[in-house]
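Fold and contact review
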Amino acid sequence: MKAEQLPLELEHRPARGREDFLVAPANEHAVALIDRWPDWPDAVLALAGAPGTGKTHLAEVWRTRSGARRIEAAKLTKKEVPELAEAGAVIVEDGETLSGEGLPALFHLINLVRETKGFLLLTGKEPPARWPVSLPDLSSRLKAVPCAEIGAPDDALLSALMIKLFDDRQLAVPAPVISYLVPRMERSFAALSALVEALDRASLAGKRPISVPLAAEILKNREESAL
């Protein structure tokens, strides 16, 4: 049975200009908020989750729809604030990297977006309420921002993503390999990507098909290297 035939009841959400986005319990709240725009519960919203969970992907979906301007939090300064707010929709990514002038700049951006009836999307590893912010006024604003957290992937999502990553590499992997790996691997998107890459490399180097025995070897090697 080829990997593509593994039955998975997950919605394939087309992300404009990007790869399909798989919707599962871990991310459905975040997807729903993005899809709800412009009927947001607040002018400022946030997406939070570990690296690789799809924050940037969803932000890009929203940018395509809204025409939003995008800026990394570490590069935000006061001089950019008026131009960003003028766009009517803004994305500030990696909020934990805010520092120095970026702190008052974000405070003013939040205020200006609200005044002009625009929209602001913040992203970060943690919800804005947990960002290390030393500016009391900004801290107060961030604690009030509604946030959709993208959680750890469940078995269905890990399986679907693994199939997709193998397919991206033009590898048809048998379903038993997927079933073997998912309950034994580290449950994160970053670990999934690294595992698929390691299996691909090992298969090419040894001229071996990707099988359960090869998968077991790679998992054992990764566990030993982590010690």
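For the structure given in this document, a descriptive report is provided here. Per-chain numbering applies: the sequence of each chain, read as written, is numbered from 1 onward. Given that this is a predicted model, residues contribute local features only at a pLDDT of at least 70 and side-chain atom pairs are listed and counted only at 80 or more, while totals for whole chains, interfaces and linings are drawn from all residues. By convention in this description, side-chain values take in all heavy atoms of the structure and omit both hydrogens and water.

Quick word on the overall build of the protein
To be explicit about the condition: The secondary structure listing takes helices from DSSP runs of H or I that are at least 4 residues long and strands from runs of E that are at least 2 residues long, numbered from the N terminus. Whether a residue is buried, partly exposed or exposed follows from its accessible area with a 1.4 Å probe, protein chains only, as a fraction of its type maximum: under 20%, in between, or over 50%, in that order. Throughout, a contact is declared for two residues whenever any of their heavy atoms are within 4.5 Å. Using a 1.4 Å probe, accessible areas were evaluated by the Shrake-Rupley method; residue-level cover was limited to the displayed protein chains. Positive: Lys, Arg. Negative: Asp, Glu. His and the chain ends are not part of the count. By convention, the charge on Lys lies at NZ, on Arg at CZ, on Asp at CG and on Glu at CD.
For the protein, the count of helices and strands is nine helices and seven strands. Overall, the protein is about 60 × 35 × 25 Å in size when its C-alpha atoms are taken along their principal axes. In the protein, which comprises 227 residues, the share counted as buried stands at 47%. Across the protein, contacts joining residues at least 24 apart in sequence account for 67% of those joining residues at least 6 apart. As displayed, the protein has an accessible area near 11600 Å², and 51% of this comes from carbon and sulfur atoms. Placing the 28 positive and 32 negative side-chain charges of the protein at their respective mean positions leaves the two points 2 Å apart.

Some details on the packing of aromatic side chains
Going by this rule: Ring geometry is summarised as follows: Phe, Tyr and Trp rings, the Trp one being its six-membered ring, pair when their centres sit within 6.5 Å, and such pairs are stacked at plane angles under 30 degrees, edge-to-face over 60 and tilted between the two.
Scanning the model with the defined rule gives four aromatic pairs in all. With a centroid separation of 5.7 Å and an interplanar angle of 75°, the aromatic rings of Trp37 and Phe119 are classed as edge-to-face. Within this pair, whereas Trp37 is found in the loop between α1 (28-36) and β3 (44-48), its partner Phe119 is found in strand β6 (residues 119-124), the two being separated by 82 residues in sequence. Both residues of the pair, Trp37 and Phe119, count as buried. Through successive ring pairs, a cluster of aromatic residues spans Trp37, Trp40, Trp62 and Phe119.

Some points on the side chain of Glu93
Rule in force here: The term polar contact refers here to a pair of N or O atoms within 3.5 Å; inside protein, the definition further demands a hydrogen-donor-capable atom paired with an acceptor-capable atom, and it admits residues adjacent in sequence only when both atoms are side-chain atoms.
Along the chain, the position of Glu93 falls in strand β5 (residues 89-93). At 2.8 Å, the side chain of Glu93 and the side chain of Arg70 are in polar contact. Every residue in contact with Glu93, bar those within four places of it in the chain, is listed here: Thr56, Ala59, Arg70, Ile71, Glu72, Ala73 and Thr123.

So, the nonpolar core
Put simply, the rule is: Nine residue types can take part in a nonpolar core, namely buried Ala, Val, Leu, Ile, Met, Phe, Trp, Tyr and Cys, and a core is a set of them joined through side-chain atoms within 4.5 Å.
Residues Met162, Phe166, Leu181, Leu195 and Leu199 are the most contacted members of the largest nonpolar core, which totals 27 residues. If you list the elements that add at least two residues to this core, you get α6 (155-168), α7 (175-181), α8 (189-206) and α9 (212-226). The residues contacting Met162, other than those within four sequence positions of it, are Ile178, Leu181, Val182, Met185, Leu192, Leu195 and Val196. In this structure, Ile71, Ala85, Ala105 and Val145 belong to the second largest nonpolar core, which totals 26 residues.

Focus: the packing of α6 against α8
Stated formally: Between N-to-C directions, angles cover 0 to 180 degrees, with each direction set by a line fitted to C-alpha atoms, over the stretch in contact for helices. Oblique is the label for every angle not falling under 35 degrees (roughly parallel), over 145 degrees (roughly antiparallel), or within 65 to 115 degrees (roughly perpendicular). Working rule for handedness: look at the near helix, and if it is turned counterclockwise from the far one by less than a right angle, call the crossing left-handed; if clockwise, right-handed. Residue type decides the class: Asp, Glu, Lys and Arg count as charged, Ala, Val, Leu, Ile, Met, Phe, Trp, Tyr, Cys and Pro as nonpolar, and the leftover types, Gly among them, as polar.
At their nearest, the axes of α6 and α8 sit 10 Å apart, and the two run at 40° to each other. Viewed along their axes, α6 and α8 adopt a mutual orientation that is oblique. In terms of crossing hand, the pair formed by α6 and α8 is right-handed. Residue-level contacts link Leu157, Leu158, Leu161, Met162, Leu165 and Phe166 of α6 to Phe189, Leu192, Ser193, Leu195, Val196 and Leu199 of α8. Across the contact of α6 with α8, the residue classes break down as 11 nonpolar, one polar and no charged.

Taken by themselves, the reported measurements are silent on function.
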